[in-house]
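Spelled out from the first residue to the last, the chains are:
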Amino acid sequence: MRRVLKSISLILLSLIMIIPSITVFAAEEEVPECQDITMSDEEIDEFLAPYMVDNTMSRASGLITAYGMGIQKSGTSLKIVGKTACASGVTKCGIIDIVIQRRLRSTDSWTKYTSIEDKYNSSTGCVLTTSITVPSGYQYRISCTHYAKKILSTEKIPNISNIVTM
């Protein structure tokens, strides 16, 4: 009986010593907040030129006329720029469901790193300009939806940015 109690106490003591080290590894990575950046219209257009899609000839509802989302490495930060251009009479125009995704290698699946607050307004255009400091060693991209609403009609276009390696 004494041997059994000694064995059980040794096992419990071992578990108590292991559990704190397991908890340390389970701690989540802290994600920094996005910082709005100021860019001129010309800088935005130049930045997004390779990523803009002219939507005027599509068979969609015609509320979104052009859209684009791009990212760029800027030191230890990602510079994120997105734009949605809408037709006249639109009551809400913007970019929603903005998610920063990352992966270690090109053979890995994309996982959510963090999300960015929806950006929209009541005019015919919406621009998102922000930056976020991210850990190196990953590939990053942005997944989002360009959004427009006019009275009873709504148009949503999913979009994925270019890929940047940090």
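The model shown is predicted, which means the values in this text are computed figures rather than measured ones. (Residues numbered from 1 in each chain as written. Predicted model: local features only at pLDDT ≥ 70, side-chain atom pairs only at ≥ 80, totals over all residues. Heavy atoms only, no water.)

### As for the overall build of the protein chain
A count of helices and strands for the protein chain gives 2 helices and 11 strands. The order of helices and strands in the protein chain, counted from the N terminus, is α-β-α-β-β-β-β-β-β-β-β-β-β. In the protein chain, of all internal contacts separated by at least 6 residues, the share reaching a separation of at least 24 is 65%. (Helix = DSSP H or I, 4+ residues; strand = E, 2+ residues; numbered from the N terminus. Contact = heavy atoms within 4.5 Å.)

### Focus: the nonpolar core
One finds Leu78, Ile80, Ile100 and Tyr140 to be the most contacted residues of the largest nonpolar core, which totals 17 residues. For this core, the secondary-structure elements that each account for two or more residues are β3 (64-74), β4 (77-86), β5 (92-103), β6 (111-116), β8 (125-133) and β9 (139-150). Apart from the residues within four sequence positions on either side, isoleucine 80 is in contact with Met69, Gly70, Ile71, Ile100, Ile116, Leu128, Thr129, Thr130, Ile132 and Ile142. Of all hydrophobic cores here, the second largest spans 9 residues; its members include Tyr67, Cys86, Val90 and Ala148. (Core = buried A, V, L, I, M, F, W, Y, C linked by side-chain atoms within 4.5 Å. Buried < 20%, exposed > 50% of the residue type's maximum accessible area, 1.4 Å probe, protein only.)

### Points about the side chain of asparagine 55
As for its position among the elements, asparagine 55 is in the loop between β2 (53-54) and β3. Only 2.8 Å separates the side chain of asparagine 55 from the backbone oxygen of isoleucine 64, close enough to count as a polar contact. (Polar contact = N/O pair within 3.5 Å; in protein donor to acceptor, adjacent residues only side chain to side chain.)

### Topic: the pattern of salt bridges
Under the defined criterion, the tally for this structure stands at 2 salt bridges. Across the pair aspartate 45 and lysine 83 runs a salt bridge, and its minimum N-O distance is 2.9 Å. Here the residue aspartate 45 occupies a position in helix α2 (residues 41-48), and lysine 83 occupies one in strand β4, the gap between them amounting to 38 residues. One salt bridge in this structure joins arginine 105 and aspartate 108, with 3.5 Å as the shortest N-O distance. Taking relative accessible area as the criterion, aspartate 108 reaches 25% and is therefore assigned partly exposed. (Salt bridge = Lys/Arg side-chain N within 4 Å of Asp/Glu carboxyl O.)

### Thoughts on the confidence of the model for the protein chain
Here the protein chain averages 87 in pLDDT, and 84% of its residues register 70 or above. Mean pLDDT across the elements of the protein chain ranges from a minimum in helix α1 (residues 2-26), with 61, to a maximum in β5, with 97. Between residues 21-26, whose pLDDT stays under 50, and residues either more than four places distant or in other chains, the model counts 0 contacts. (pLDDT = per-residue confidence, 0-100.)

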